[in-house]
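Examining the three-dimensional arrangement
Listed below are the residues making up each chain.
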Amino acid sequence: MARVSMSAICVFIFIGDIAKADNNFLTGANDIIAVVDEDGDIKASPFNVQFGKKDIWLPRSGHVVSLEVNEKDVPVGMVLDNEGQAYFPTLKSDGSSNRQYRFWSALLGMGNPSPKHRTNSATSSQLSRFGLQMGPNPILYRVTTSSGSIVTTSAVIHLMNNTAKLVVSDIDGTVTRSNIRGMILPALGLSDWKHNGVVELYRKIANQGYQIVYLTNRAIGQSDMTREYIYSLAEAPYKMPRGPVLLQIESLLGALQTEVIVGQPEVNKIAALNRVKGLFPENPFFSGFGNKAWDILAYKALNIDPDMIFSVGEDSILISEGTRIFTNYTDLMERVSIMYPLLNV
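These numbers come from a predicted model, not from an experiment. (Residues numbered from 1 in each chain as written. Predicted model: local features only at pLDDT ≥ 70, side-chain atom pairs only at ≥ 80, totals over all residues. Heavy atoms only, no water.)

**Things to note about the overall build of the protein**
- For the protein, the helix and strand inventory stands at eleven helices and 19 strands.
- Split into buried and exposed, the 345 residues of the protein put 50% on the buried side.
- For the protein, the accessible area works out to roughly 16200 Å², and carbon and sulfur atoms hold 55% of it. (Helix = DSSP H or I, 4+ residues; strand = E, 2+ residues; numbered from the N terminus. Buried < 20%, exposed > 50% of the residue type's maximum accessible area, 1.4 Å probe, protein only. Areas by Shrake-Rupley, 256 points an atom, 1.4 Å probe, with all protein chains shown as cover.)

**Points about the environment of M339**
- Residue position: M339 is located in helix α11 (residues 336–339).
- Its relative accessible area of 14% is what places M339 among the buried residues.
- Here the alpha-carbon distance between M339 and D307, two residues 32 residues apart in the chain, equals 9.8 Å.
- If near-sequence neighbours (up to four positions away) are discounted, M339 is found in contact with F286, M308, F310 and L332. (Contact = heavy atoms within 4.5 Å.)

**A look at unusual backbone geometry**
- The omega angle of the peptide bond from A236 to P237 is 5 degrees, so this bond is cis rather than trans.
- Within the secondary structure layout, P237 lies in the loop between β13 (234–235) and β14 (238–239).
- One non-glycine residue, N70, adopts positive backbone phi at about 50 degrees.
- Along the polypeptide, N70 turns up in the loop between β5 (64–69) and β6 (72–80).

**Considerations on the sheet that holds strand β19 (residues 326–328)**
- Ordered by their spatial adjacency, seven strands build an open sheet running β15-β12-β11-β16-β17-β18-β19, and the pairing between neighbours is mixed. Of all the strands in the sheet, the pair left with one neighbour each is β15 (245–248) and β19. Pairs of neighbouring strands in the sheet enclose a mean axial angle of 25 degrees, with direction left out of account.
- Those strands touched by helix α9 (residues 293–301) are β11 (166–170), β16 (285–290) and β17 (309–312), and its axis lies near 175 degrees from that of β17. (Pairing = 2+ DSSP bridges. Axes fitted to C-alpha atoms, helices over the stretch in contact; angles between N-to-C directions.)

**What to know about the pattern of salt bridges**
- Summed over the entire model, instances satisfying the criterion amount to 13 salt bridges.
- A cluster of three or more residues bridged by salt bridges with shared partners is formed by D31, D224 and R227. (Salt bridge = Lys/Arg side-chain N within 4 Å of Asp/Glu carboxyl O.)

**Some details on the confidence of the model for the protein**
- Confidence along the protein averages 82 in pLDDT terms, with 77% of residues attaining 70 or more.
- pLDDT under 50 marks residues 101–110. Its contacts with residues more than four places away, or in other chains, come to 17 contacts.
- Under a pLDDT of 50 for its full length, residues 251–263 has, in the predicted model, 37 contacts with residues more than four places off or in other chains. (pLDDT = per-residue confidence, 0-100.)

**A word on the environment of I319**
- With respect to the helices and strands, I319 occurs in strand β18 (residues 317–320).
- Taking the C-alpha atoms as reference, I319 lies 9.9 Å from F289; in sequence the two are 30 residues apart.
- Apart from the residues lying within four places of it in its own chain, the contact partners of I319 are I309, F310, S311, R324, I325 and F326.

**With respect to the packing of aromatic side chains**
- Tallied over the entire structure, the rule returns seven aromatic pairs.
- Taken together, a centroid distance of 5.7 Å and an interplanar angle of 55 degrees make the contact between F286 and Y340 tilted. Here Y340 lies in the segment after α11 and F286 lies in strand β16, a separation of 54 residues in the sequence.
- Exposure remark for F286: the relative accessible area of 26% places this residue in the partly exposed category.
- Residue classification places Y340 among the buried positions, given a relative accessible area of 1%.
- Note on F289 and F310: the rings are 5.2 Å apart at their centroids and 20 degrees apart in plane angle, and the pair reads as stacked. On the criterion of sequence distance, the pair formed by F289 in strand β16 and F310 in strand β17 is long-range, its members being 21 residues apart.
- On the accessibility criterion, F310 (2% relative accessible area) is buried.
- Site record: aromatic cluster; members linked through ring pairs are F47, F88 and F130.
- Over the ring of Y231 we find R242; its NZ or CZ atom is 4.0 Å from the centre of that ring. (Phe/Tyr/Trp six-rings, centres within 6.5 Å; stacked < 30°, edge-to-face > 60°. Lys NZ or Arg CZ within 6 Å of the ring centre and 35° of its normal.)

And the structure:
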């Protein structure tokens with residue numbers, strides 16, 4: 001037993017050490033929440049996108065990222081830094097980029113601008129050029145490397161009114177029945193490993209006019225796999241409602257370190273959700289579902305009504321944080337019209 005425990009400790013230490021390095025191997029992007037006000041002005045959550053070493057083996061700093069929204073090119077561009085993270089240059093007032101890739105500058109680590117000259121937040125002026133429509137808007141990020149190859153990754157911009165109400169849900173252990181098995185088994189095609197009833201409940205909540213937001217500490221390089229998994233879930237005749245999928249802006253190893261070793265994933269979740277909260281004139285978060293203490297802590301930090309915060313057990317039993325009453329998905333489904341009053345959307 002001691003040898004097993006020591007081996008586990010050694011593995012955790014090893015992961016913690018290499019997670020500090022540039023391990024952004026995979027490519028992926030977070031979905032974006034965009035909010036329009038009564039005057040037509042749009043604000044949006046950060047454009048978090050990463051091009052990994054798997055797809056761009058050359059030094060990545062300086063590569064220009066072209067954007068396509070709703071299958072149309074938009075006159076707004078981004079640039080990659082040394083770690084493959086995309087950013088909007090702030091030196092040009094029109095939001096475009098005429099940066100050119102320079103191999104030696106990138107190789108020597110000289111291609112990154114100072115923090116004041118970069119941002120991952122689009123301005124209202126830039127967003128106005130995207131041709132956004134209410135609801136989901138597919139966005140494609142495209143990089144043409146110096147070797148001539150084209151690398152792409154995609155996400156979705158969800159445009160909503162500033163009166164929208166959000167229900168946030170963790171994924172691993174909340175939609176799935178286990179944090180680790182819920183991540184690994186679907187990837188291996190062995191099982192969907194979801195809680196029975198979660199699809200029907202979330203669909204009925206969405207039918208009441210609420211927007212489901214999926215939040216996870218999975219690494220951003222797992223974005224495509226995570227979206228595909230979420231939207232593949234079904235309980236006839238119900239399908240999982242579409243909604244923004246927000247992942248951790250770290251490498252796979254960094255995400256594992258945060259979730260398992262450091263044990264403070266609520267810090268990332270609170271930061272991400274606060275950025276979303278700041279897009280609205282009033283707190284948009286109506287309810288939250290999670291399976292760990294840090295999920296509940298994050299939801300309470302957002303001032304969600306404790307009665308509408310639910311802790312989900314592996315046995316599919318839910319506990320209201322406010323009332324401490326035990327319930328289940330079937331019971332919530334029967335009371336969904338009471339607990340989630342119909343919204344005018």
